[in-house]
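Chains, contacts and geometry: an overview
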Amino acid sequence: MPHWILAVAASSDSNPFQSALDFFKSPTWHFITLMFYFLLAVLWIACAYWVFKDARRRVDDTIILAVCVLTGIVFGPLGLIVYAIVRPPELVADRREQELEMQMMEQRLGEESRCSFCKTPVRDDYLVCPTCGRRLRTTCASCGKPVEPSWRVCPYCETDVHGAMPPVSVYDRA
Ligand SMILES: [Zn+2]
Ligand SMILES: [Zn+2]
């Protein structure tokens, strides 16, 4: 029998996967596994931290915030993906600013007075309606400042203005 056939037969007797198995038992493979787990842990912590940081700016409810953070900690990268899908679209600071703007707008609208005859918006210091010419306020006889029909005393000079104008309001508060 030729030598090369004997050589092949001999090598096929030993397990061809033996070298691979040896590799999986080697310190190198052990190190690679450790590195893999280490990187996974780092990635996990990074995901949880990112969810926490982002949720803190978007959620002002403590319980919901805790649920978000817990999702990040328990599910790691998967939790991050789920969180990114369901997170509130706007920041808490933006939402507060919008609410404040709405409040201010409502206040401004509430403060606006209208002539009760023609519904023209009138300012608080108008004496007559600029559209229909009806008298909205009178002036204080002493200091000349505009006086509301319901006032008894002029707040600027303390003069008694009661009866200077009928106490019936001729303009509406919108
Ligand atoms: Zn008017
Ligand atoms: Zn006055």
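Residues numbered from 1 in each chain as written. Chains lettered and ligands numbered in written order. Predicted model: local features only at pLDDT ≥ 70, side-chain atom pairs only at ≥ 80, totals over all residues. Heavy atoms only, no water.

In ideal tetrahedral geometry, four donors around a metal make angles of 109.5 degrees, whereas ideal octahedral geometry with six donors gives angles of 90 or 180 degrees. For the zinc ion (ligand 1), every protein donor is listed as Cys-115 (SG), Cys-118 (SG), Cys-129 (SG) and Cys-132 (SG), and the spread of their distances is 2.2 to 2.3 Å. Coordination geometry of the zinc ion (ligand 1): the four donor atoms subtend angles of 100 to 120 degrees at the metal centre, consistent with an arrangement described as tetrahedral. Expressed as a motif, the donor residue spacing for the zinc ion (ligand 1) is C-x2-C-x10-C-x2-C. Owing to a relative accessible area of 2%, Cys-129 belongs among the buried residues under this scheme. (Donors = N, O, S within 2.8 Å, 3.2 Å for Na, K, Ca; no water. Tetrahedral: all angles 85-135°; square planar, octahedral: opposite > 155°, others 65-115°. Buried < 20%, exposed > 50% of the residue type's maximum accessible area, 1.4 Å probe, protein only.)

For the zinc ion (ligand 2), the protein coordination sphere consists of Cys-140 (SG), Cys-143 (SG), Cys-154 (SG) and Cys-157 (SG), at 2.2 to 2.3 Å. Here the zinc ion (ligand 2) binds four donor atoms, and the angle range of 105 to 116 degrees at the metal identifies the geometry as tetrahedral. Look at where the donors of the zinc ion (ligand 2) fall in the sequence and you get C-x2-C-x10-C-x2-C. For Cys-154, a relative accessible area of 1% puts it in the buried group. When its relative accessible area of 27% is taken as the criterion, Cys-157 is described as partly exposed.

Turning our attention to the packing of helix α3 (residues 27–58) against helix α4 (residues 62–86). Across the interface, α3 lies against α4 with an axial gap of 8 Å and an inter-helix angle of 130 degrees. Comparing their axes, α4 and α3 come out oblique. Crossing of α3 over α4 shows right-handed handedness. Contact residues: Leu-43, Trp-44, Cys-47, Ala-48, Trp-50, Val-51, Phe-52, Asp-54, Ala-55, Arg-56 and Arg-58 in α3; Leu-65, Cys-68, Val-69, Gly-72, Ile-73, Val-74, Phe-75, Gly-76, Pro-77, Leu-80 and Tyr-83 in α4. Here the contact of α3 with α4 is composed, by residue class, of 17 nonpolar, two polar and three charged. (Axes fitted to C-alpha atoms, helices over the stretch in contact; angles between N-to-C directions. Helix = DSSP H or I, 4+ residues; strand = E, 2+ residues; numbered from the N terminus. Parallel < 35°, antiparallel > 145°, perpendicular 65-115°, else oblique. Left-handed = near helix turned anticlockwise from the far one by under 90°. Contact = heavy atoms within 4.5 Å. Nonpolar A, V, L, I, M, F, W, Y, C, P; charged D, E, K, R; others polar.)

Once that is clear, we can look at the confidence of the model for the protein chain. Of the residues in the protein chain, 83% reach a pLDDT of 70 or more, and the chain-wide mean stands at 82. For the protein chain, the element scoring lowest by mean pLDDT is helix α1 (residues 3–13), at 52; α3 scores highest, at 93. (pLDDT = per-residue confidence, 0-100.)

Under the counting rule described, the total for this entry stands at six aromatic pairs. Consider the rings of Phe-23 and Trp-29, whose centres lie 6.0 Å apart with planes at 50 degrees: the pair is tilted. What makes Phe-23 partly exposed here is its relative accessible area of 38%. Under the relative-accessibility criterion, Trp-29 is labelled partly exposed at 31%. (Phe/Tyr/Trp six-rings, centres within 6.5 Å; stacked < 30°, edge-to-face > 60°.)

Attention now goes to the nonpolar core. Within the largest apolar cluster, seven residues are counted, these being Val-51, Ala-55, Val-59, Leu-65, Cys-68, Val-69 and Tyr-83. At the level of secondary structure, the elements contributing two or more residues to this core comprise α3 and α4. Looking at this core element by element, the count peaks at four residues for α4. When sequence neighbours within four positions are dropped, the list of residues in contact with Ala-55 reads Leu-65, Cys-68 and Tyr-83. (Core = buried A, V, L, I, M, F, W, Y, C linked by side-chain atoms within 4.5 Å.)

Although it is not a glycine, Lys-119 sits at a positive phi angle of roughly 65 degrees. With respect to the secondary-structure elements, Lys-119 resides in the loop between β1 (113–115) and β2 (121–122). You can call Lys-119 partly exposed: its relative accessible area is 43%. Even without being a glycine, Glu-158 presents a positive backbone phi close to 70 degrees. Locating Glu-158 in the fold gives a position in the loop between β4 (146–147) and β5 (171–173).

Let us now look at α3. With 32 residues, α3 ought to run about 46 Å at 1.5 Å a step, and its terminal C-alpha atoms sit 46 Å apart, in line with that. Buried residues of α3: Cys-47, Ala-48, Val-51, Asp-54, Ala-55 and Arg-58, and no others. (Expected span 1.5 Å × (residues − 1).)

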